Amino acid sequence: MYSPGHTTTAMYEAILDDRAAKTAAKALDIDSRGTLGVVLLAKQDGRLAEAKPILESLVKVGLRVSNEVMQAALNLAGEA
């Protein structure tokens, strides 16, 4: 299962892209993942045939992600 830094087996997790929110969640021991992580998990679970079109659409509607992070996500998805 894709989840860098994920250490617990909680049934729920927060979906957060804001750095301050992620920091707060970590301090409160709340599991979280970002939007890219959700897309990668969906690809891994077979719910998406391809992650790249979804990721590109998210960027078009305003998701801010560096080129390096996007490339790393595509590498993890096997779509580099």
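Summary of the structure given here. Source: prediction; values computed, not measured. Going along each chain's sequence as written, the residues are numbered from 1 onward. In view of the model being predicted, local features appear only for residues whose pLDDT reaches at least 70, and side-chain atom pairs are presented and counted only at 80 or more, with totals across whole chains, interfaces and linings using the full set of residues. Remark: hydrogens and water are excluded; side-chain values derive from all non-hydrogen atoms of the structure.

What to know about the pattern of salt bridges
Then step 1. We define a salt bridge as a side-chain nitrogen of Lys or Arg found within 4 Å of a carboxyl oxygen belonging to Asp or Glu. Counted according to the given criterion, the structure contains 2 salt bridges.
Then step 2. The closest approach of N and O atoms between Glu 13 and Arg 33, which form a salt bridge, is 2.5 Å. Remark: Arg 33 occurs in strand S2 (residues 32-33) and Glu 13 occurs in the segment before strand S1 (14-15); sequence separation between them is 20 residues.
Then step 3. Residue Glu 13 is classed as partly exposed on the basis of its relative accessible area, which comes to 29%.
Then step 4. The buried category is assigned to Arg 33, whose relative accessible area is 8%.
Then step 5. Across the pair Lys 43 and Glu 79 runs a salt bridge whose closest N-O atoms are separated by 2.7 Å. Note that Lys 43 is positioned in helix H2 (residues 35-44) and Glu 79 in the segment after helix H4 (67-77), a separation of 36 residues in sequence. Strands are runs of DSSP state E lasting at least two residues, helices are runs of H or I lasting at least four, and both sets are numbered from the N terminus onward. Between buried and exposed lies partly exposed: a residue is buried under 20% and exposed over 50% of the maximum accessible area for its type, with that area taken using a 1.4 Å probe on protein chains only.

Spatial relationships are all this shows, so hold off on functional conclusions.
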